[in-house]
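# Structure at a glance
Residue-level listing of the chains:
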Number of protein chains: 2
Amino acid sequence: MIAGKQSIRFDKKVYISCGATVVGNKEYAGPLGGEFDIVVEDEMFGKNSWEEAESRMQHMAVDKLFIKSGLKKSDVRYVFAGDLLGQLIATTFGLKGIDIPVLGVYGACSTMGETIALSSIMVDGGYADNVIALASSHFASAEKQFRFPLAYGNQRPESATWTVTGAGAYMISGQCNNTGDVSGNNFMNETVGKAVVTGVTVGKIVDYGVKDSMNMGACMAPAAASLIEANFNDFGIDENYYDLIITGDLGYTGRIILLDLLKEKGINIESRYNDCGLLIYDSEAQNTQSGGSGCGCSGVVLNAYILNRIRSKTLSRVLFVPTGAMLSPVSFNEGHSVPSVAHGIMIESE
Amino acid sequence: MIAGKQSIRFDKKVYISCGATVVGNKEYAGPLGGEFDIVVEDEMFGKNSWEEAESRMQHMAVDKLFIKSGLKKSDVRYVFAGDLLGQLIATTFGLKGIDIPVLGVYGACSTMGETIALSSIMVDGGYADNVIALASSHFASAEKQFRFPLAYGNQRPESATWTVTGAGAYMISGQCNNTGDVSGNNFMNETVGKAVVTGVTVGKIVDYGVKDSMNMGACMAPAAASLIEANFNDFGIDENYYDLIITGDLGYTGRIILLDLLKEKGINIESRYNDCGLLIYDSEAQNTQSGGSGCGCSGVVLNAYILNRIRSKTLSRVLFVPTGAMLSPVSFNEGHSVPSVAHGIMIESE
């Protein structure tokens, strides 16, 4: 059902019925380390290139999702998937053997929001019983594509974020009764609360003219502010509706800007605001500067932190806002700004 | 409504209520030249880079779509858009001022199919009255990204296709009553037939191991064959259901492979088959080797050829199958194959 100018409210029950996450060593060493499903010590994931490693991560996340959900390939109609790399090669090569129709999306680090939004529409609209939403990033493939060769050892300013090596796969379903192996470390609360997607808000492309590829938080904060304001307006609510409003990867720098931008609009979310990029690493001990970033950041924190707390009913209403900086080496080298976009997913406990 | 394993049949009327196309000189010089809405002589479109030129084309196509349809920005809820460039920069910069929520998609040259499929679902599902589906490509930005600098003057084998400089924008709507300026050269038949999207088939990623970046037709033909077979199976039909089955950009080389692959499955579509890449240029006179390609190829031929014939009721049932080769300079340089994907749109005259 149409809600306001940018949003959709779902009439049917749309569940995030299962989530599966794969991460690397550095993410395992962070505060959420014990909450991920699969940790791989080898940063190459047994492959020959960073890109192949990221594809392998996507493949592993989907495999784990099938194991945890108890669903078979034939139960899933579509996969919405994306990553940060040009022409989505992590996705293409990660899913080429999956034998399920694939719809590729690109929203930079907002991709986890876009895939869940579109998957939820497919389920609510009666076009599918189960759809997989998938997103990934890899620190090394991202640095190679967007910034400097790792061997160059460039200095990182305080505003720089650290691209998460991780993939998150989610089963978006009309029903929520997993029959698979839910004995893993992050499924202890699975049977208590169910995660329902009650609505989505689709973001506009916002550009405040920031050109600093080492300050993605500043690039994305305006899109996050625009999205949160639109969500409140479209549903006729304010910050008190939510227990938690959580952005994707604004980091410490973007956090301050977002809170300031919203205050200018008369909105104060500080008491219930967090950012996936602030949760995944211990910034000081792990030397990750402004925090975590990448599609994989919101992609794995969603299950490890948010959904676990929805399941345990510690949280009952969450606005999940993955944020994307539309950075490209080509436009950056041509001197352009970094426009950004954010998509919002309303997740409630049942 | 779910149809078969990969397809959706629409219960409501979903119209392609309006189409607008922008092309360059070479496309204007081809057999469909008189059927495009806007032709720009300057290949830079008044901008400073090929990428900016492509963004400008997207912007112009959307502007023209508003003029032709008579709709305002506030009438349109979402834009689904994409292009061939890494991180979708043609789209990002083309749409950053549009003030409508944007959902970026990537399906290589199948993008026009993916954007129309998802836009149609939005309309059929009751999530929007009007959605814009948009795709573009530019010969020079594509050659720069995927192959050689233009100044290098590399030789082109007979299997090479020529990336179309073009953008196609389509209004996907629950109603079909344009009130805008339809006096343009390709709207003479507008009032006769209406184009209805009756169903879509979503493709799987198919990889036959072809590694030749100068033979996109061979890379994509297997995905097209898989899609056409799935469409027939899902709807319980055969080639006789359609007046025209038209792929995106297989070219002369891919055409033969597709027909052969389908014959192996016992399907013969030859009598009603065509390819957008074969229609847009006079291959011999214009030195375009195997034919046209790129998101913009199917993106502009859809309106200039297919929809014009739907409107004049020369065609009554068309299967439109944009085909995408998931080529990336990174994966190509690492020695990988070029997997492909195709999406199918069933367009019928009302």
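Scroll up to find the structure this text is about.
The sections below set out a description of the structure shown in this document. Just so you know, these numbers come straight off a predicted model, no measurement behind them. (Residues numbered from 1 in each chain as written. Chains lettered and ligands numbered in written order. Predicted model: local features only at pLDDT ≥ 70, side-chain atom pairs only at ≥ 80, totals over all residues. Heavy atoms only, no water.)

On to the overall build of chain A. A tally of regular secondary structure across chain A gives eleven helices and 17 strands. Relative to the compact-globule value of 20 Å for 350 residues, chain A shows a C-alpha radius of gyration of 18 Å, a close match. With the principal axes as the frame, chain A shows a C-alpha extent of 50 × 50 × 35 Å. Counting only residues that meet the buried cut, chain A has 67% of its 350 residues in that class. Sequence-distant contacts, at least 24 apart, represent 78% of the contacts inside chain A between residues at least 6 apart. Accessible area of chain A: about 11100 Å², with a carbon and sulfur share of 47%. Distance between charge centres in chain A, computed from 27 positive and 38 negative side chains, equals 5 Å. (Helix = DSSP H or I, 4+ residues; strand = E, 2+ residues; numbered from the N terminus. Rg over C-alpha atoms; globule rule 2.2 N^0.38 Å. Buried < 20%, exposed > 50% of the residue type's maximum accessible area, 1.4 Å probe, protein only. Contact = heavy atoms within 4.5 Å. Areas by Shrake-Rupley, 256 points an atom, 1.4 Å probe, with all protein chains shown as cover. Lys, Arg positive; Asp, Glu negative; His and termini not counted. Charge placed at Lys NZ, Arg CZ, Asp CG, Glu CD.)

Scanning the entire structure with this criterion turns up eight aromatic pairs over all chains. Through a chain of ring-to-ring contacts, three or more aromatic side chains come together here, namely Phe232, Tyr241 and Tyr242 of chain A. For arginine 309 of chain B, the ring lying beneath its charged end belongs to tyrosine 305 of chain B, and the centroid distance is 3.9 Å. (Phe/Tyr/Trp six-rings, centres within 6.5 Å; stacked < 30°, edge-to-face > 60°. Lys NZ or Arg CZ within 6 Å of the ring centre and 35° of its normal.)

A few words on the relation of the copies chain B and chain A. With an RMSD of 0.0 Å, the operation that places chain B on chain A is a rotation of 180° combined with a shift of 0.0 Å along the axis. Accordingly, the operation relating the two chain copies is best matched by a two-fold axis. An overlap of 100% is found between the interface residues of chain B and their copies at the interface of chain A, pointing to a shared contact surface. (Least-squares fit on C-alpha atoms with pLDDT ≥ 70 in both.)

Turning to the nonpolar core, a few remarks are in order. The tendency in soluble globular proteins is for nonpolar side chains to be buried as a group. Counting 186 residues, the largest nonpolar core has Met122 of chain A together with Met122 of chain B as the members making the most contacts within it. Leaving out residues up to four positions away in the same chain, methionine 122 of chain A has contacts with Tyr78, Phe80, Leu103, Tyr127, Ala128 and Val131 of chain A together with Ile8, Leu118 and Ile121 of chain B. (Core = buried A, V, L, I, M, F, W, Y, C linked by side-chain atoms within 4.5 Å.)

Turning our eyes to something else, we now look at the packing of helix 4 (residues 111-124) of chain A against helix 4 (residues 111-124) of chain B. Between helix 4 of chain A and helix 4 of chain B, the shortest axis-to-axis distance is 11 Å and the interhelical angle comes to 50°. By the criterion of interaxial angle, the relationship of helix 4 of chain A to helix 4 of chain B is oblique. The handedness of the crossing between helix 4 of chain A and helix 4 of chain B is left-handed. Facing Leu118, Ile121 and Met122 of chain A of helix 4 of chain A, the residues of helix 4 of chain B in contact are Leu118, Ile121 and Met122 of chain B. Of the residues assigned to the contact of helix 4 of chain A with helix 4 of chain B, the class counts are six nonpolar, no polar and no charged. (Axes fitted to C-alpha atoms, helices over the stretch in contact; angles between N-to-C directions. Parallel < 35°, antiparallel > 145°, perpendicular 65-115°, else oblique. Left-handed = near helix turned anticlockwise from the far one by under 90°. Nonpolar A, V, L, I, M, F, W, Y, C, P; charged D, E, K, R; others polar.)

Next up on the list: the pairing of strand 3 (residues 15-23) of chain A. Here is the key point about a regular strand: its side chains alternate between the two faces of the sheet. Residue and element names in this part refer to chain A. Counting buried residues along strand 3, nine of its nine residues qualify, which places the element largely inside the surrounding structure. Note: strand 3 against strand 9 (residues 166-173), eight bridges, orientation antiparallel. Its bridge partner lying in strand 9, glycine 19 is registered against tyrosine 170. For strand 3 and strand 4 (residues 38-39), the ladder comprises two bridges, and the chain directions are parallel. Considered in strand 4, the bridge of valine 23 is made with valine 39. (Pairing = 2+ DSSP bridges.)

To continue, consider the packing of helix 6 (residues 216-235) of chain A against helix 7 (residues 251-264) of chain A. Residue and element names in this part refer to chain A. Running from N to C, helix 6 and helix 7 cross one another at 35°; their axes reach a closest spacing of 8 Å. Of the two elements, helix 6 crosses helix 7, and the hand of that crossing is right-handed. Of the residues in helix 7, those in contact with Gly217, Ala218, Ala221, Pro222, Ala224, Ala225 and Ile228 of helix 6 are Gly254, Ile257, Leu258, Leu261 and Leu262.

We now examine the pattern of salt bridges. The tally for this structure, following the rule as stated, stands at 22 salt bridges over all chains. Put simply, glutamate 229 of chain A and lysine 265 of chain A hold a salt bridge, and the shortest N to O gap is 3.1 Å. Taken together, the residues span a long stretch of sequence, with glutamate 229 of chain A in helix 6 and lysine 265 of chain A in the loop between helix 7 and strand 12 (273-275) at a distance of 36 residues. Under the relative-accessibility criterion, glutamate 229 of chain A is labelled partly exposed at 25%. Ionic pairing is found between lysine 13 of chain B and glutamate 350 of chain B, a salt bridge with its closest N-O pair at 2.7 Å. Remark: glutamate 350 of chain B occurs in the segment after strand 17 (344-349) and lysine 13 of chain B occurs in the loop between strand 2 (7-9) and strand 3 (15-23); sequence separation between them is 337 residues. Looking at lysine 13 of chain B, the relative accessible area reads 44%, which means it is partly exposed. Among the charged side chains, a salt-bridge network with shared partners connects Glu51 and Lys144 of chain A together with Glu334 of chain B. (Salt bridge = Lys/Arg side-chain N within 4 Å of Asp/Glu carboxyl O.)

Moving on, we come to unusual backbone geometry. Residue and element names in this part refer to chain A. Phi is positive for glutamine 87, close to 60°, though the residue is something other than glycine. Mapping glutamine 87 onto the fold places it in the loop between strand 5 (78-82) and helix 3 (89-95). Looking at glutamine 87, the relative accessible area reads 3%, which means it is buried. With a phi angle near 50°, glutamine 289 is a residue other than glycine that sits in the positive phi range. Mapping glutamine 289 onto the fold places it in the loop between helix 9 (283-286) and strand 13 (292-293).

Tracing the sequence through the fold places threonine 92 of chain A in helix 3. According to the relative accessible area criterion, threonine 92 of chain A is buried, its value standing at 0%. Apart from residues no more than four positions distant in its own chain, threonine 92 of chain A is found in contact with Gln87 of chain A together with Ile205, Met326 and Pro339 of chain B.

On the side of chain A, 61 residues touch chain B, which itself brings 61 residues to the contact. Here chain B meets chain A over a buried area of about 4800 Å², counting both sides, of which 62% is carbon and sulfur. When the buried surface of chain B facing chain A is broken down by residue, Gln87, Tyr127 and Ile205 of chain B rank first, second and third, together holding 17% of it. Inspection of the chain B/chain A interface yields six salt bridges. Notably, a salt bridge pairs lysine 204 of chain B with aspartate 99 of chain A, separated by 2.9 Å at the nearest N-O pair. (Buried area = accessible area lost by both parts, 1.4 Å probe.)

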